[in-house]
Amino acid sequence: MSEERIESLRRAVEASPDDTMLRLILAEALLAADLGEQSLLHFEVLLQARALPAESLLQVGGAALEADRLDLARACLEAARQAGVVEGVAALQRRVEDRLAERSGADRLRVLADGAGDPGGGPDGDAGPESTTFADVGGMTEVKKLIHRMVVLPRSRPELFARYGRRAGGGVLLYGPPGCGKTLLARATAGECGLPFLNVRIEDVIDPYQGVSERNLHQAFETARAVGPCVLFLDELDGLAYARHKHRGSEARRLVDVLLQELDAIGSDNTGLTVMAATNAPWDVDEAMLRPGRFDRVVFVPPPDEPARTDILRVHTAELPSQGTVDTGAVAARTSLFSGADLRAVVERAVDELIEESLRTGGEPPLDTPGLLAAAERVRPSTLEWLQRAKAYVEFANQSERYEDVAAYLRTREVRRRLPKGE
Ligand SMILES: Nc1ncnc2c1ncn2[C@@H]1O[C@H](COP(=O)(O)OP(=O)(O)OP(=O)(O)O)[C@@H](O)[C@H]1O
Ligand SMILES: [Mg+2]
């Protein structure tokens with residue numbers, strides 16, 4: 001088809017975007033004219049509108065694969081299956097899987113380059129040592145001490161541990177309410193050890209295609225082994241290792257099995273891999289994960305206490321115009337049970353007000369304590385819900401032994417003041 005005719009088709013589609021037949025003709029013309037990427041845009045619209053004929057699905061899937069649009073390729077594959085297409089499905093599936101496997105290899109960099117948008121800062125695509133350290137984590141003295149003893153010391157003074165026959169190994173599971181620094185702390189642990197930090201997020205692993213999640217998880221460990229001594233961090237462990245007894249699907253069970261195998265292998269091969277994990281829902285994590293040599297050290301990361309909040313506020317306000325008028329301590333005193341992330345939200349709200357004011361007056365109003373306190377009034381601590389849930393587990397699920405730290409924390413004045421009784 002000539003360029004002119006394609007152009008007029010394009011205009012026709014613009015004029016009647018809902019005419020799927022017209023769009024299909026355009027998409028096919030674009031594909032035939034070697035304009036694959038443009039054609040895919042239209043094919044995708046058609047696919048979403050369920051207006052892509054079954055006989056075209058595999059062809060479009062193939063074109064998507066060529067263009068490295070794996071997501072679209074898989075969507076086509078899925079649609080083809082649903083439409084009862086048989087011939088060619090297995091072949092395309094294989095091609096998609098091969099590409100995925102290749103990607104996992106290339107993804108090594110993506111996994112390593114984690115931290116985009118994460119203020120913790122991190123390795124930028126290379127597997128260099130992590131630069132965040134405990135100094136970047138406000139407060140949390142107790143937790144830091146614990147991790148120092150459990151993770152950092154066995155690495156820096158192996159002879160001491162050998163002398164007493166104490167084996168290093170076994171992973172650390174951090175748990176607690178959202179936004180309270182679990183990820184930050186894991187990253188900082190890598191920094192303290194002078195090791196690279198590999199962040200494995202749940203979305204890097206979980207995949208609706210059968211067998212792919214397991215392979216992704218295995219690949220994450222392979223990558224870590226290839227990097228050498230490092231801290232491998234599994235975020236949202238409950239999502240990866242959801243309690244098997246609560247599960248009907250065999251898919252999730254297989255994922256738990258893969259994770260157990262990988263963890264047990266570390267125990268025996270001594271590759272210098274330190275595994276850390278985090279979860280908001282430790283009670284949903286499969287029990288088998290918590291056996292010796294696996295995640296046998298379970299550490300509660302509570303909401304920041306007052307000194308920690310002062311610290312966190314200082315970090316988040318340091319760069320703002322303030323004329324030295326901000327009393328972070330006063331704000332910390334009024335923000336009990338606020339998570340680190342909540343505190344950041346408080347600062348952001350106060351800043352929004354300043355911007356409004358600046359727009360009105362044309363000046364550059366400085367950040368001040370009343371502004372922050374007013375903002376704090378309007379932010380509800382996001383840890384409450386979690387603490388409420390934890391309370392139920394500790395009190396009623398006969399889990400008080402395992403969650404002793406939580407129980408102790410729930411008994412503190414700070415919590416009792418804010419957590420309604422008897423719920
Ligand atoms: N102790 C802290 N010191 C400094 N900043 C903190 C601290 N705790 C939390 N923050 C801030 O809050 C942000 C969120 O923390 P982080 O992502 O580590 O929480 P999390 O416990 O992993 O939360 P989630 O359970 O939602 O994954 C951090 O990026 C940091 O800006
Ligand atoms: Mg996190």
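Everything below is about the structure printed above this text.
Only a predicted model underlies this, so the values are computations on that prediction, with no experimental measurement involved.

S.K.: Sorry if this is basic, but what is going on with the overall build of the protein chain here?
M.R.: Broken down by element type, the protein chain carries 20 helices and five strands. With 423 residues in all, the protein chain has 46% of them scored as buried. Counting contacts in the protein chain only where the partners sit at least 6 residues apart, residues at least 24 apart contribute 72% of the total. Element-wise, carbon and sulfur atoms account for 50% of the exposed surface of the protein chain, whose accessible area totals about 21500 Å².

S.K.: I would appreciate a short explanation of the sheet that holds strand β4 (residues 273-279) in the present structure.
M.R.: Adjacent strands of a sheet pair through backbone hydrogen bonds, lying either parallel or antiparallel. Here five strands make up an open sheet; going across it, the order is β2-β3-β4-β1-β5 and the pairing parallel. In the strand order of this sheet, the two ends are held by β2 (197-200) and β5 (297-300), each with one partner. The average undirected angle you get between the axes of adjacent strands in this sheet is 20 degrees. When strand β1 (residues 172-175) meets β5, the two strands line up parallel, connected through four bridges. The partner of Val-172 across the bridge, within β5, is Arg-297. The sheet contacts of helix α7 (residues 141-156) involve β1, β4 and β5, and relative to β5 the element is tilted by about 150 degrees. Relative to β2, helix α9 (residues 182-193) is tilted by about 150 degrees, and along the sheet it contacts β1, β2, β3 (230-234) and β4.

S.K.: It is not clear to me how the site of ligand 1 should be interpreted in this structure. Could you clarify?
M.R.: Close to ligand 1 lie 18 residues; Gly-138, Gly-179, Lys-182, Thr-183 and Asn-280 are nearest. Taking Gly-181, its main chain carries an N or O atom lying 3.1 Å from an oxygen atom of ligand 1. Between ligand 1 and Arg-344, the relevant distance is 3.4 Å, taken from an oxygen atom to a side-chain nitrogen or oxygen of the residue. Relative to its free-state accessible area of 630 Å², ligand 1 is covered by the protein chains to the extent of 84%. For the shell around ligand 1, the elements supplying multiple residues, two or more each, are α9, α14 (306-317) and α16 (340-361). The residue inventory of the shell around ligand 1, partitioned by class, reads eight nonpolar, seven polar and three charged.

S.K.: I tried to follow the pairing of β4 on my own but got confused; where do I start?
M.R.: A regular strand places its side chains so that they alternate between the two faces of the sheet. Burial analysis of β4 places seven of its seven residues in the buried class, the great majority of the element. Two elements, β1 and β4, share four bridges in a ladder whose sense is parallel. Looking at β4, one finds that Val-172 is bridged to Met-276. In this sheet, β4 lies alongside β3 in parallel orientation, the contact comprising five bridges. Its bridge partner lying in β4, Val-231 is registered against Thr-274.

S.K.: Would you explain the environment of Glu-357 in this entry?
M.R.: Relative to the assigned elements, Glu-357 resides in helix α16. The exposure class of Glu-357 is partly exposed, given its relative accessible area of 32%. Not counting the four nearest positions on each side in its chain, Glu-357 is found in contact with Gly-362 and Pro-365.

Calculation criteria
Residues numbered from 1 in each chain as written. Chains lettered and ligands numbered in written order. Predicted model: local features only at pLDDT ≥ 70, side-chain atom pairs only at ≥ 80, totals over all residues. Heavy atoms only, no water. Helix = DSSP H or I, 4+ residues; strand = E, 2+ residues; numbered from the N terminus. Buried < 20%, exposed > 50% of the residue type's maximum accessible area, 1.4 Å probe, protein only. Contact = heavy atoms within 4.5 Å. Areas by Shrake-Rupley, 256 points an atom, 1.4 Å probe, with all protein chains shown as cover. Pairing = 2+ DSSP bridges. Axes fitted to C-alpha atoms, helices over the stretch in contact; angles between N-to-C directions. Near = heavy atom within 4 Å. Polar contact = N/O pair within 3.5 Å; in protein donor to acceptor, adjacent residues only side chain to side chain. Nonpolar A, V, L, I, M, F, W, Y, C, P; charged D, E, K, R; others polar.

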